Structures are given as C-alpha cells and as structure tokens.
Amino acid sequence: MTRLALIAHDEKKPDLIDFAREHEELLSNCELIATGTTGKRLGEETGLTIERMESGPLGGDLMIGAEVAKGALDGIVFLRDPLRAQPHEPDITALLRICDVHDTPMATNLTSARYLIEGIASDG
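What you see is a predicted model, and the numbers here were worked out from it, not measured in a lab.

Engineer: I would appreciate a short explanation of the pattern of salt bridges in the present structure.
Structural biologist: A side chain with one charge may pair with a side chain of the opposite charge, provided their charged atoms come close. Overall, the coordinates contain 13 salt bridges when judged by the stated rule. In this structure, the salt-bridge partner of R84 is E11, at a minimum N-O distance of 3.6 Å. With R84 in the loop between β4 (75–79) and α5 (89–101) and E11 in the loop between β1 (3–8) and α1 (13–22), this pair connects stretches of sequence that are 73 residues apart. Judged by its relative accessible area of 47%, R84 falls in the partly exposed class. Its relative accessible area of 48% is what places E11 among the partly exposed residues. Residue K70 pairs with E67 through a salt bridge whose shortest N-O separation is 2.9 Å.

Engineer: When you look at the pairing of β4 in this model, what are you seeing that I'm missing?
Structural biologist: For a regular strand, side-chain orientation follows a simple rule: the groups alternate between the two sheet faces. Here β4 lies mainly inside the structure; 5 of its 5 residues are buried. Side chains G75, V77 and L79 of β4 all project onto a buried face; the interleaved residues I76 and F78 project onto the opposite face, where all are buried too. Sheet analysis places β1 next to β4, joined by 5 bridges and oriented parallel. Within the sheet, the bridge partner assigned to A5 lies in β4 and is I76. Bridge count for β4 against strand β5 (residues 106–107) is 2 bridges, and the pairing is parallel. Residue pairing in the sheet places I76 in a bridge with M106 of β5. Handedness of the crossover is the feature at issue here: the chain leaves β4, passes through α5, returns alongside β5, and the resulting connection is right-handed.

Engineer: Sorry if this is basic, but what is going on with the sheet that holds β5 here?
Structural biologist: Hydrogen bonds along the backbone pair up the strands of a sheet, which may run parallel or antiparallel. Read from one edge to the other, the open sheet built from 5 strands follows the order β3-β2-β1-β4-β5, with strand pairing classed as parallel. The strands lining the two open edges of the sheet, one partner per strand, are β3 (50–52) and β5. As defined by bridge partners, strand β2 (residues 31–34) adjoins β3 across 3 bridges and the pair is classed as parallel. Directly across from L32, in β3, lies its bridge partner I50. Sitting on the sheet, α5 touches β1, β4 and β5, and the angle it makes with β4 is about 150 degrees.

Engineer: Looking at this model, I keep getting lost on the environment of D81. Mind explaining?
Structural biologist: Structurally, D81 can be placed in the loop between β4 and α5. Taking the C-alpha atoms as reference, D81 lies 8.0 Å from A8; in sequence the two are 73 residues apart. Polar contacts involving the side chain of D81 include one to the main-chain amide nitrogen of L83, which spans 3.0 Å.

Cut-offs and rules
- Residues numbered from 1 in each chain as written.
- Predicted model: local features only at pLDDT ≥ 70, side-chain atom pairs only at ≥ 80, totals over all residues.
- Heavy atoms only, no water.
- Salt bridge = Lys/Arg side-chain N within 4 Å of Asp/Glu carboxyl O.
- Helix = DSSP H or I, 4+ residues; strand = E, 2+ residues; numbered from the N terminus.
- Buried < 20%, exposed > 50% of the residue type's maximum accessible area, 1.4 Å probe, protein only.
- Pairing = 2+ DSSP bridges.
- Right-handed = clockwise from strand over helix to strand, strands pointing away.
- Contact = heavy atoms within 4.5 Å.
- Axes fitted to C-alpha atoms, helices over the stretch in contact; angles between N-to-C directions.
- Polar contact = N/O pair within 3.5 Å; in protein donor to acceptor, adjacent residues only side chain to side chain.

Laid out in structure tokens, this is it:
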C-alpha cells in the first residue's frame with residue numbers, strides 16, 4: 001500500500017484540506033501520516049484516516065524525515081508557506097535534504113502535489 005505524508009504550514013492548511021477532498025478517493029487507498037495539527041484538521045474535515053505525528057515545530061517534520069530514512073514513505077505533500085519565516089526552518093531543511101538523499105518525491109505546492117498524486121494513481 002502506498003504510504004504518504006501530508007504536511008502544511010498554517011496558512012496552507014485550507015489548501016491541503018481542499019486538495020485532500022479533491023483526491024479523497026485516491027488518498028483513502030493510501031496509508032496517510034501527517035504532522036499534528038494538519039492531521040487533526042484533515043481527520044476532522046475529510047473522511048480520511050490519518051496517523052498523526054507531533055506538530056512540525058515539536059519534531060513532527062523530523063519524525064516524518066525518519067520515516068523517509070527508513071524507506072517507509074512513498075512521497076510527501078508539504079504545502080509550505082514561502083512568505084513567512086518558520087521557527088523550525090532547520091527541521092524543514094533537514095526534511096527536504098533527507099528526501100533528496102533517499103530519492104523520495106516531495107511536492108511543495110498544489111501543482112506538484114497534483115503531479116505526485118497522478119503519478120501514484122498511474123502506478124497503482
């Protein structure tokens with residue numbers, strides 16, 4: 001089963017929820033993990049089952065990075081807010097780096113997220 005992580009900065013959470021609703025049928029066939037607040041909101045506002053990690057600033061990004069390092073994730077949708085500084089920017093950079101090291105796809109905007117989902121759908 002495809003295993004995906006879903007992450008969004010605060011200003012991007014509504015976009016990720018809309019994205020999840022738009023692709024709910026496909027995502028319901030995946031094992032999903034998310035950082036704390038994002039996972040809580042996705043679970044409340046969609047019919048998806050989400051395994052929740054810690055919030056990003058409390059280590060959630062690093063927890064998802066550990067899943068990448070273990071080879072336990074097929075991809076990540078991380079809707080980042082490029083216009084705001086993040087207090088946990090080093091953790092975000094580490095997550096980007098570990099995805100590059102392990103050749104794990106990470107979509108950081110809605111267009112790349114759609115391509116990632118379409119790729120997963122065509123593989124399945």
